[in-house]
Amino acid sequence: MARATALTPLLVLSESTADSAVEYVIGGLELGGAEREAAAQLLADTAMQIVCGESPVLDRWRGRRDGGPPETGTALKAVETFMSIGFGTPDNPPNDDHLQGHIAELIWYLVIAERLVARDGRVLVRAHPVKADPLEPGGDGLVVYANPSGDYVFRLWEIKKHTAQAVISGTINRAGKQLAKRGHEYLAKLSGPESMIEDVSLRDMYSSMVDLWFDRSAKAGVGVSVGTSASTAPHSHRSFGSIRATFPAFALPAQTEAIVVAIPDFAGFASRVKDIVWSGL
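These notes cover the structure that comes with them.

The rules behind each value
- Residues numbered from 1 in each chain as written.
- Predicted model: local features only at pLDDT ≥ 70, side-chain atom pairs only at ≥ 80, totals over all residues.
- Heavy atoms only, no water.
- Helix = DSSP H or I, 4+ residues; strand = E, 2+ residues; numbered from the N terminus.
- Rg over C-alpha atoms; globule rule 2.2 N^0.38 Å.
- Buried < 20%, exposed > 50% of the residue type's maximum accessible area, 1.4 Å probe, protein only.
- Contact = heavy atoms within 4.5 Å.
- Salt bridge = Lys/Arg side-chain N within 4 Å of Asp/Glu carboxyl O.
- Polar contact = N/O pair within 3.5 Å; in protein donor to acceptor, adjacent residues only side chain to side chain.
- Pairing = 2+ DSSP bridges.
- Axes fitted to C-alpha atoms, helices over the stretch in contact; angles between N-to-C directions.

Tallying secondary structure elements over the protein gives nine helices and seven strands in all. Relative to the globule expectation of 19 Å for 281 residues, the C-alpha radius of gyration of the protein, 19 Å, shows essentially globular dimensions. Here the C-alpha coordinates of the protein stretch approximately 55 × 45 × 30 Å along the principal axes. Here the protein holds 281 residues, and 49% of them are scored as buried. For the protein, the proportion of contacts with a sequence separation of at least 24, taken over those separated by at least 6, is 70%.

Taken as a whole and judged by the stated rule, the model has 16 salt bridges. When the shortest N-O distance is used, the salt bridge between Lys161 and Asp97 registers 3.1 Å. Taken together, the positions of Lys161 in strand β5 (residues 152–162) and Asp97 in helix α5 (residues 96–114) put the pair 64 residues apart, joining distant regions of the chain. You can call Asp97 partly exposed: its relative accessible area is 42%. Beyond isolated ion pairs, a larger network of salt bridges with shared partners links Arg3, Asp45, Arg62, Arg65 and Asp66.

The next subject is the side chain of Gln255. Its location among the elements puts Gln255 in the loop between α8 (241–246) and β7 (256–263). A distance of 2.7 Å separates a polar atom in the side chain of Gln255 from the backbone oxygen of Ala220. Discounting residues that sit within four places of it in the chain, Gln255 has contacts with Arg155, Ser217, Ala218, Ala220, Gly221, Val222, Ala249 and Phe250.

We now examine unusual backbone geometry. We note that Val12 has phi near 50 degrees; this positive angle belongs to a residue other than glycine. Judged by relative accessible area, Val12 falls into the exposed class, the value being 62%. Here Arg216, not a glycine, exhibits a phi torsion of approximately 50 degrees, which is positive. By secondary structure assignment, the location of Arg216 is in the loop between α7 (200–214) and β6 (222–229).

On the secondary structure map, Ile243 appears in helix α8. When the C-alpha positions of Ile243 and Glu23 are compared, they lie 10 Å apart, and in sequence the two are 220 residues distant. Excluding residues that lie within four positions of it along the chain, Ile243 makes contacts with Val22, Ile172, Val222, Val224, Thr256, Glu257 and Ala258.

With that settled, the discussion passes to the sheet that holds strand β2 (residues 23–27). Strand order in the open sheet formed by seven strands is β1-β2-β7-β6-β5-β4-β3, and the pairing between neighbours is mixed. Every other strand in the sheet has two partners, leaving β1 (14–15) and β3 (123–127) as the edge strands with one partner each. Relative to strand β4 (residues 141–146), β3 runs antiparallel, the two being bridged by four bridges. When the sheet's bridge partners are listed, Leu124 is paired in β4 with Tyr145. Of the strands in this sheet, β3, β4, β5, β6 and β7 are in contact with α5, which crosses β5 at around 145 degrees. Contacts from helix α9 (residues 266–278) reach β5, β6 and β7 within the one sheet, and its direction differs from that of β6 by about 95 degrees.

Following this line, the structure appears as structure tokens:
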């Protein structure tokens, strides 16, 4: 079957209106049928790309997923090792909460990576991949842009899954407060290694991120992303108001952002992604 190369068109994202203090998009509400399967296949492949990198294990996994013969011996053990980091194995399946959180992170990554130009004219420079291991501590998402003046700016994201029947605004509020409390730590962990890259101007940006965060600079900003089921999707811009309230100094347009992907039966969708990953054994 032809495989999807982008997630965003499958989600049919709707943008926030002008009366919202936070820029946001909501999508996935009608995801079903072939589009749902295409999205699950794309997320599974992306997850394995992130964990495998340039390892030949990725091709082994893809070959088996696509109907090739199973690996044996050392080759099989290597596939199991990489795959188990984010998805466990059939003999040792992942915790449902951890799995759904991982899927929420993968969704965020693809939506952000596919948005090459933001609404305020920022051009994507680098979207850091999410962690291969959903249990690894630290920040969830970091994105660097060049603004229309050519200066680098960044957004630090917190990503959650929401599976409770309670209103989603509580999860959004909790994510924003987590960024306010620990954002400087997340940035230190994410930006420190990047301060040694060869690109001098980009290196300088990474080196100054923590300072810019504490100063609530115009070059900094935040985002909250939530993966959930369609039944708990937000109904108005008021669901996102806590982000601006938590970060009042980020008052410029697009310094506070949000993404909600609300898929029918989010838990079932996450399980399908896991099954596709397991099909590579």
